[in-house]
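Residues per chain, in single letters:
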Amino acid sequence: MKIAVYCASGEGKKESYRNAAAELGKWIGENGHTLVFGGGNIGLMGIVASEAFQHGANVIGVLPADVDFINNRPQPYCTEVIREKNMAARKDRMLQLADAFIALPGGIGTLDEVTEAIVLTRIHVFDKPVVLFNTEGFYEPFRQMLDTMIEAGFLTKDEKTLFSDDLNEISAFIQKT
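The notes below deal with the structure included here.

The rules behind these values
- Residues numbered from 1 in each chain as written.
- Predicted model: local features only at pLDDT ≥ 70, side-chain atom pairs only at ≥ 80, totals over all residues.
- Heavy atoms only, no water.
- Helix = DSSP H or I, 4+ residues; strand = E, 2+ residues; numbered from the N terminus.
- Rg over C-alpha atoms; globule rule 2.2 N^0.38 Å.
- Buried < 20%, exposed > 50% of the residue type's maximum accessible area, 1.4 Å probe, protein only.
- Contact = heavy atoms within 4.5 Å.
- Areas by Shrake-Rupley, 256 points an atom, 1.4 Å probe, with all protein chains shown as cover.
- Phe/Tyr/Trp six-rings, centres within 6.5 Å; stacked < 30°, edge-to-face > 60°.
- Pairing = 2+ DSSP bridges.
- Right-handed = clockwise from strand over helix to strand, strands pointing away.
- Polar contact = N/O pair within 3.5 Å; in protein donor to acceptor, adjacent residues only side chain to side chain.

Here we look at the overall build of the protein
Scanning the protein from terminus to terminus reveals seven helices and seven strands. The C-alpha atoms of the protein give a radius of gyration of 15 Å, which matches the 16 Å a tight globule of 177 residues would have. Expressed as lengths along the three principal axes of its C-alpha atoms, the size of the protein is roughly 45 × 30 × 30 Å. By residue count, 51% of the 177 residues in the protein fall in the buried class. If you take every contact in the protein between residues at least 6 apart in sequence, the share linking residues at least 24 apart comes to 67%. Of the accessible surface of the protein, which amounts to about 8,500 Å², a share of 50% is contributed by carbon and sulfur atoms.

Details of the packing of aromatic side chains
Taken as a whole, this structure holds five aromatic pairs when the rule is applied. Both rings, one in Tyr-6 and one in Phe-101, keep their centres 6.0 Å apart while their planes meet at 10°; by these two values the pair is stacked. Here Tyr-6 is found in strand E1 (residues 2-6), whereas its partner Phe-101 is found in strand E5 (residues 100-103), with 95 residues between them in sequence. Taking the relative accessible area as the measure of exposure, Tyr-6 reaches 1% and is therefore buried. Ring centres of Tyr-17 and Phe-138 lie 5.8 Å apart, and the angle between their planes is 80°; this geometry places the pair in the edge-to-face category. Highlighted residues: Tyr-17 in helix H1 (residues 15-30) and Phe-138 in the loop between strand E6 (130-133) and helix H6 (140-151), separated in sequence by 121 residues. Tyr-17 sits in the buried class, given a relative accessible area of 13%. Looking at Phe-138, the relative accessible area reads 29%, which means it is partly exposed. One aromatic cluster is present, formed by Tyr-6, Phe-101 and Phe-126 through successive ring pairs.

Here's the deal with the pairing of E1
For E1, the buried fraction is high: four of the five residues fall into the buried class. The pairing of E1 with strand E2 (residues 34-37) spans three bridges and is parallel. Across the sheet, the residue bridging to Ile-3 is Leu-35, located in E2. Between E1 and its parallel partner E2, the chain crosses via H1, and the hand of that crossover is right-handed. Relative to E5, E1 runs parallel, the two sharing four bridges.

Side note on unusual backbone geometry
The phi dihedral of His-124 is positive, around 65°, even though this residue is not glycine. You can see His-124 is positioned in the loop between helix H5 (108-122) and E6. One non-glycine residue with positive phi stands out, namely Glu-136, at about 50°. By the secondary structure assignment, Glu-136 is in the loop between E6 and H6. Residue classification places Glu-136 among the exposed residues on the basis of a relative accessible area of 51%.

Digging into the side chain of Thr-121
As for its placement among the helices and strands, Thr-121 is situated in helix H5. Judged by relative accessible area, which is 5%, Thr-121 ranks as buried. Reaching out from Thr-121, the side chain makes a polar contact with the backbone oxygen of Lys-128 at a distance of 3.2 Å. Sequence-distant contacts of Thr-121, that is, excluding residues within four places in its chain, are made with Phe-126, Lys-128, Val-130 and Lys-160.

Put into structure tokens, the structure is as follows:
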């Protein structure tokens, strides 16, 4: 299975974020999955890719050709590098390549990527599971916002999105969805 992982190019302030990235990368490799990611060799991105690569995963880095500081980074953990013309094309390629999506803690870029995956699943452009790796409750405010939208009548309950930091639960969810 090809799993797109969205996450930060920074490491964050908590060791638990780095540990979650390492745990996820190791799980991807040990379970024979392929990692699809933004191609970074730093931050949580680099940790996930390094662990996935070290544990036998194919690692596909998707890079935007027009963003020099991303495009010119070394790619030591990638078994394949795909260059797209810009960030929008990069995001679209990752959406098309992946069979499932997992978002680790991250910033606005991570939120942008994972919410697009959620929207495309909800409107049936594709039928792929989306997981928010909820390390130390990182995504609880987002879950609360979705609950508020449901209560207000702007959103219906979603069966394709999971908030969890338990890899056994994540694995079962991805396999059944």
